[in-house]
Amino acid sequence: MSASQTPPATAVPGDDVPTLLVKIFGKDRPGITAGLFETLAAYSVDVVDIEQVVTRGRITLCALVTAPSQGGSGSAEGDLRATVHSWAESLNLQAEIISGRGDNRPRGTGRSHVTVLGHPLTAESAAAIAAAITSTGGNIDRIFRLAKYPVTAVEFAVSGAATEALRTVLAPEAAQLGVDVAVVAAGLQRRAQRLVVMDVDSTLIQDEVIELFAAHAGCEAEVAEVTAAAMRGELDFEQSLHARVELLGGLDASVVDAVRKEVRLTPGARTLVRTLKRLGYQVGVVSGGFTQVTDALKEELGLDFASANTLEIIDGKLTGRVTGAIVDRAGKARLLRDFAQQAGVPLAQTVAIGDGANDLDMLNAAGLGVAFNAKPVVREAAHTAVNVPFLDTVLYLLGITRDEVEAADTHVG
């Protein structure tokens, strides 16, 4: 073959080409897949499709192959059937062979991944989600489990329905069932290197930092009440921030070190950040809290970006004021865009995670906005919601399995 020639493309079976669907069931053991195809190889068939699933030690192996050439005797297909059944019986397996024509039915336009998180995931929930997908005209092409703990996470590969239509139908269904459902468009960008930006208070950490400071000033209850109202969207964030910070005036600057020690990371936070970094993601935080805490978190977790408000300290005392531009609802969205530009990541490939009303603009600006144990107004507006107390469950929304997370941990010294 000359350098200018290219090998012919392998023919794809048309709708009129005879094919056989070979299905094998039984107790799993090493060598079943190899044994089946060694058996089929004797008949010079071409492999069109393969699917294999192992559940609780039981294998279901499906192979779609071209029908063997009949030759003069016309007995090749019959011989193949007899040989496959004999091979299966020798291993205490069951075999089923179905004749047909062509390849699988073409998938409908519109491809999405629907991730369902349950704690637990009940049969009732699975049935309702599947029915809701069908109601949109979607077809479930494949289902597989991403994780069995700390939550059960399964992913449906769906075709034939628009991603937004699926979100619209599944969001209220999930809320009623008490499960979390995320719908993202299928495509290469789902696993492409990208950026994840998180809120800090009650997201990356379990605490509200300003309340930790307030506890040292003896005004925790008063500050907590204002914080809750602001997070529900009942108060202007900037006004509430100034009012709360004013109550901290006069505190000794040594309180900063004390508060840093009191900060508690959300369960799964380290796993989330560590795994994302290993996968090549860039990770940042934006906070209506204070740089005195976020800078320490950035160093501790190896974050790429961090931005927050800054408490003014003069002569070793908190003045009760903040310096610089306020990081509020609009500011968080602006910072997401700034981080994306610095990271060289399209906004469509960003993920934002938050819990409060001041996170809404950021969640809506991101390619995927995740409301994490959020207030009702945030859950309703975000692309998806996670309502379990484990931050690393966000990994499942990105198609990353628990096995992959644990394997990465095992192979890093």
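Here the structure is a predicted model, which is why all the values come from computation and not from measurement. (Residues numbered from 1 in each chain as written. Predicted model: local features only at pLDDT ≥ 70, side-chain atom pairs only at ≥ 80, totals over all residues. Heavy atoms only, no water.)

Novice: For this particular structure, what's the right way to read the overall build of the chain?
Specialist: Of regular secondary structure, the chain possesses 15 helices and 15 strands. Dimensions of the chain, computed from the C-alpha atoms along their principal axes, are close to 100 × 55 × 35 Å. Across the 413 residues in the chain, those meeting the buried criterion constitute 46%. Looking at the chain alone, contacts between residues at least 24 apart form 66% of all its contacts between residues at least 6 apart. Here the chain displays about 19,700 Å² of accessible surface, and carbon together with sulfur accounts for 51% of that area. Seen as two clouds, the 36 positive and the 50 negative side-chain charges of the chain have centres 4 Å apart. (Helix = DSSP H or I, 4+ residues; strand = E, 2+ residues; numbered from the N terminus. Buried < 20%, exposed > 50% of the residue type's maximum accessible area, 1.4 Å probe, protein only. Contact = heavy atoms within 4.5 Å. Areas by Shrake-Rupley, 256 points an atom, 1.4 Å probe, with all protein chains shown as cover. Lys, Arg positive; Asp, Glu negative; His and termini not counted. Charge placed at Lys NZ, Arg CZ, Asp CG, Glu CD.)

Novice: What should I look at first to understand the side chain of Asp207 in this one?
Specialist: Its location among the elements puts Asp207 in the loop between β9 (195-198) and α5 (209-217). For Asp207, a relative accessible area of 7% corresponds to the buried category.

Novice: Teacher, can you tell me more about the sheet that holds strand β1 (residues 18-27) here?
Specialist: The strands making up a sheet associate through hydrogen bonds between their backbones, and the pairing can be parallel or antiparallel. As summarised here, the arrangement of the four strands in space is β2-β3-β1-β4, forming an open sheet in which the pairing is antiparallel. Edge positions in the sheet fall to β2 (47-55) and β4 (94-101), since each of these pairs with one other strand and no more. Averaged over all adjacent pairs, the angle separating strand axes in this sheet is 10 degrees, with direction ignored. Sheet analysis places β2 next to strand β3 (residues 58-66), joined by eight bridges and oriented antiparallel. Residue pairing across strands places Gln52 opposite Leu61, the latter belonging to β3. (Pairing = 2+ DSSP bridges. Axes fitted to C-alpha atoms, helices over the stretch in contact; angles between N-to-C directions.)

Novice: Looking at this structure, I do not really get a positive patch on the surface. What am I missing?
Specialist: There is a patch of like positive charges on the surface, built from Lys27, Arg29, Arg56 and Arg58. Structurally, the position occupied by Lys27 is in strand β1. (Patch = residues over 30% accessible without salt bridge, like charges linked within 9 Å, V, L, I, M, F, W, Y side chains within 5 Å. Salt bridge = Lys/Arg side-chain N within 4 Å of Asp/Glu carboxyl O.)

Take it as geometry only, folks, not as evidence of what the structure does.
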